Amino acid sequence: MFPLPIISKTNKIVQSNIQKMTANQDVIYLLFKSGNLYVMGSNQYGTYGNGRALTGAGNANAISTWSLSATGVKDIWTGSGCSVLLLNNGTYQYCGLNRILGTVSDVSTITTTWSNFTALNSFITSHSNLTVKKIHMGGQALGILMSDDNLYFIGYNSQGQLGTGSTSNQSSVVLSRNNVSDFILGTILTLCIDKSTGIMYKAGWNQSGQLGTGDGSSRTTWTSQGTAVTALWATASATMFVDSTGNLWGSGEYTAGQLNNNINLVTNSTSNLRTTYLNITAGLPTSTSLLGNTTSDSTTQAFQWYKVNTDVYVIGQNLSGQMSTGSTGNISTFTKMILPSGYNAYAVQNYVQVGLVAGTANTGAGGDGSAAGFMLTNDGKMWCCGDYRYFSAVTGLNTNQTQWVQLPLPAGG
C-alpha cells in the first residue's frame, strides 16, 4: 500500500509589482517596481510633471484617469503643490511650485515638467561619503536626514519651519540640526526627535496652536517642552506624538474632529483650536497600542490613521466617506475603518486622502473636506472610496463611496 501524499495548505504569497503610493493635496502617485510613475488628480500646480497644469484646485478639476508621469524612477516624495523624484541613475528632479527651490515665495511660479533639482544633486555629490536615511516633504520644503544623523533642509521658510533662526527661503541645502533620529515636515512646520534623549523639538507655523506651546506665535528656532516621544506626525494644522508610555497627544486645529474631542464641526471657525497638547488616546484599544506605530502621515490633510493589531483606526476629515467607515461626515472619535473582505491591518501598506482640506486656512480656497481616499495593500491592489470624481473614469462610478472599491491600475505598470 502506497503512503498517502502530503497535501500542503501553505497559502501562496501574491507578489506586488507596486513599489509606492503617495499623494499631495490634489494628486496621487503610483510608482511601479519597473520604474514607471503614474499620476491622477487635479494637478493645480503642474505636479503631473508632464507639461500641463490646470487652472483650479479640487474635485471640480479632477482628472480620473491614469497618466504616465515619468520612467526610470527609484523613489518619489511629494508635499503641498510640489514633488521630488529620484531617478535610477541617482539624479533628483522636481516639478510644481518653485517654492521647493527656495528661490521664490509666490504660488504662480511653477515648473510643469520634471527638471533637475540642481541644489539637491550638488549636496548629494558633495556628501558622497554619507547615505540618505530619510527624505520627507510637507508644505513646500524638503528635509533630508543623513547617515551622520544631521538634518538638512531646502525650500520655503516663511514661518521659520526650517529651524535656522530665519524666515528667509533657503535655496541651498542647509544644516539645521545635529543628532536627529527622526523628523517630519508638516504644513509649514517641522518636528524632530533628538537621538540621544528622545525629546521632541519643533519649529515653524503655530497660528493654530499646532506646536503646543500655549500660544499662536511661530518659532524660527527649535523649541521643546522636554517631552520624550516614540513617534510624531503632522496634519494640515495639527501635530501629534506618542509618549514613552504609548499615549497619543495632539495640539492645533480640530475643525474636522481630527483631535478626538467629540466635536464634529465642518464650519470653519477660529475657535476650533487647541494651543497645548492634550491626551487623545481615548477610543483606541490600549494605552500602549501606538508604541512604535509609524503609519500616520497626513501632512496635507486633516485626518489621522493608525494600525492597531488587525484593525485600522481613523479620525477626522470624512465628508465624502473617504475613510471607508460606511458613512459620510467628519469623525471626531476614533473609528474602525471597514477594510475589504479578507483583509486586515497587516495587509495595508498606505492610506492617503486627495482633495480639499477642511479648516480655517482653506476658506479662501473653498476647502470643505470633500476628498477621495486611496489605499494600497501588500498584494499589489489599490482601493478607492469617497468623492467619486477622483476615480469615476477608471471605475465607472458616479456616486460617492463610503466603503472600499477596487481601483483598476494603469495598464503600463
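Look above for the structure.
Read on for a plain summary of the structure.

## Topic: the overall build of the protein
When helices and strands are tallied, the protein shows two helices and 27 strands. For the protein, the C-alpha atoms occupy an extent of roughly 80 × 50 × 45 Å along the three principal directions. Counting every position in the protein, which comprises 413 residues, the buried fraction comes to 57%. Roughly 15700 Å² of accessible area belongs to the protein as shown, and the carbon and sulfur atoms make up 48% of that amount. Seen as two clouds, the 18 positive and the 15 negative side-chain charges of the protein have centres 7 Å apart.

## Comments concerning the nonpolar core
Val84, Tyr92, Ile100, Phe117, Leu120, Leu142 and Ile144 are the most contacted members of the largest nonpolar core, which totals 22 residues. Among the elements of the structure, β6 (82–87), β7 (92–97), α1 (118–126), β9 (132–138), β10 (141–146) and β11 (151–155) are those that each provide at least two residues to this core. Once you skip the residues sitting within four places of it in the chain, Leu142 turns out to touch Val84, Ile100, Leu120, Ile135, His136, Met137, Tyr152, Phe153, Ile154 and Leu185. In terms of nonpolar packing, the next biggest core, distinct from the first, is built from 19 residues, Ala23, Val352, Phe374 and Tyr390 among them.

## Here's the deal with the environment of Gly35
Checked against the element boundaries, Gly35 lands in the loop between β2 (27–32) and β3 (37–41). Judged by its relative accessible area of 1%, Gly35 is buried. Not counting residues up to four positions away in its chain, the partners in contact with Gly35 are Ala70, Thr71, Gly72 and Val73.

## As for the sheet that holds strand β13 (residues 180–185)
Spatially, β13-β14-β15-β16 is the arrangement adopted by the four strands of the open sheet, whose pairing is antiparallel. Either end of the sheet is taken by a strand with one partner, and the two such strands are β13 and β16 (219–223). Geometrically, the sheet is characterised by an average inter-axis angle of 10° between neighbouring strands, direction not taken into account.

## What about the sheet that holds strand β12 (residues 170–177)?
Where strands meet in a sheet, backbone hydrogen bonds hold them as pairs that are either parallel or antiparallel. Taken in spatial order, the four strands of this open sheet run β9-β10-β11-β12, and their pairing is antiparallel. Taken across any chain shown, the strands that pair with only one partner, and hence form the sheet edges, are β9 and β12. Direction aside, the axes of adjacent strands within the sheet are offset by 20° on average. In this sheet, β10 lies alongside β9 in antiparallel orientation, the contact comprising six bridges. Note on β10: the bridge partner recorded for Lys134 is Leu145.

## Points about the pattern of salt bridges
Tallying each qualifying case throughout the model produces seven salt bridges. The partner of Lys20 in a salt bridge is Asp75, and the shortest N-O contact between them spans 3.0 Å. On the criterion of sequence distance, the pair formed by Lys20 in strand β1 (residues 18–23) and Asp75 in strand β5 (residues 73–78) is long-range, its members being 55 residues apart. Overall, Lys20 belongs to the partly exposed group, its relative accessible area being 22%. In this structure, Asp215 engages Arg219 in a salt bridge whose closest nitrogen and oxygen atoms are separated by 2.9 Å. Its relative accessible area of 25% is what places Asp215 among the partly exposed residues. One salt-bridge network, held together by shared partners, links Lys133, Asp149 and Lys195.

## Observations regarding the side chain of Asp26
Structurally, the position occupied by Asp26 is in the loop between β1 and β2. No salt bridge is formed by the buried Asp26. Its closest oppositely charged neighbour is Arg52, at 12 Å. Excluding its chain neighbours within four sequence positions, the residues that come into contact with Asp26 are Met40, Gly41, Ser42, Asn43, Gln44, Thr47 and Val354.

## Let's talk about unusual backbone geometry
If you check the backbone angles, Asn43 has positive phi at about 65° while not being a glycine. Note on placement: Asn43 falls in the loop between β3 and β4 (63–70). Asn43 gets classed as buried once you look at its relative accessible area, which sits at 1%. The phi torsion at Ser324 lies on the positive side, around 50°, for a residue other than glycine. Positionally, Ser324 belongs in the loop between β22 (311–316) and β23 (331–336).

## Here's the deal with the environment of Trp305
The topology assignment puts Trp305 in strand β21 (residues 303–308). Sequence separation between Trp305 and Thr335 is 30 residues, and the spatial gap between their C-alpha atoms is 9.6 Å. When sequence neighbours within four positions are dropped, the list of residues in contact with Trp305 reads Thr295, Ser296, Asp297, Val312, Tyr313, Val314, Val348, Asn350 and Tyr351. A distance of 2.8 Å separates a polar atom in the side chain of Trp305 from the backbone oxygen of Thr295.

## Points about the side chain of Asp149
Locating Asp149 in the fold gives a position in the loop between β10 and β11. One polar contact links Asp149 to Lys195, side chain to side chain, over a distance of 2.8 Å. With near-sequence residues (within four places) excluded, Asp149 lies in contact with Lys133, Arg177, Asn178, Asn179, Val180 and Lys195.

Rules behind the numbers
- Throughout, residues of each chain are indexed from 1 in the direction in which the sequence is written.
- Whole-chain, interface and lining totals are the exception, using all residues; otherwise, since this is a predicted model, local features are given only for residues with pLDDT of at least 70 and side-chain atom pairs are given and counted only at 80 or more.
- The side-chain quantities take in all heavy atoms of the structure and omit both hydrogens and water.
- For helices the rule is a DSSP run of H or I covering at least 4 residues; for strands it is a run of E covering at least 2, with both sets numbered from the N terminus onward.
- Any residue under 20% of the maximum accessible area for its type is buried, any over 50% is exposed, and the rest in between are partly exposed; the area is computed with a 1.4 Å probe on protein chains only.
- In this description, accessible areas are obtained by the Shrake-Rupley approach with a 1.4 Å probe, and a residue is regarded as covered only by the protein chains that are shown.
- Counting rule for charge: Lys and Arg are taken as positive, Asp and Glu as negative, and neither His nor the chain ends is counted.
- To locate a charge, take atom NZ for lysine, CZ for arginine, CG for aspartate or CD for glutamate.
- Note on terminology: a nonpolar core comprises buried Ala, Val, Leu, Ile, Met, Phe, Trp, Tyr and Cys residues joined through side-chain atoms within 4.5 Å.
- Between two residues, a contact is recorded if the distance between any of their heavy atoms is within 4.5 Å.
- What makes two strands pair is DSSP finding at least two bridges between them.
- Only C-alpha atoms enter the line fits that serve as axes; for helices the fit covers just the stretch in contact. Angles between N-to-C directions range over 0 to 180 degrees.
- Each reported salt bridge corresponds to a side-chain nitrogen of Lys or Arg within 4 Å of a carboxyl oxygen of Asp or Glu.
- Polar contacts, as counted here, are pairs of nitrogen or oxygen atoms within 3.5 Å of one another; within protein the pair requires one atom able to donate a hydrogen and one able to accept it, and residues that are adjacent in sequence qualify only if both atoms are side-chain atoms.

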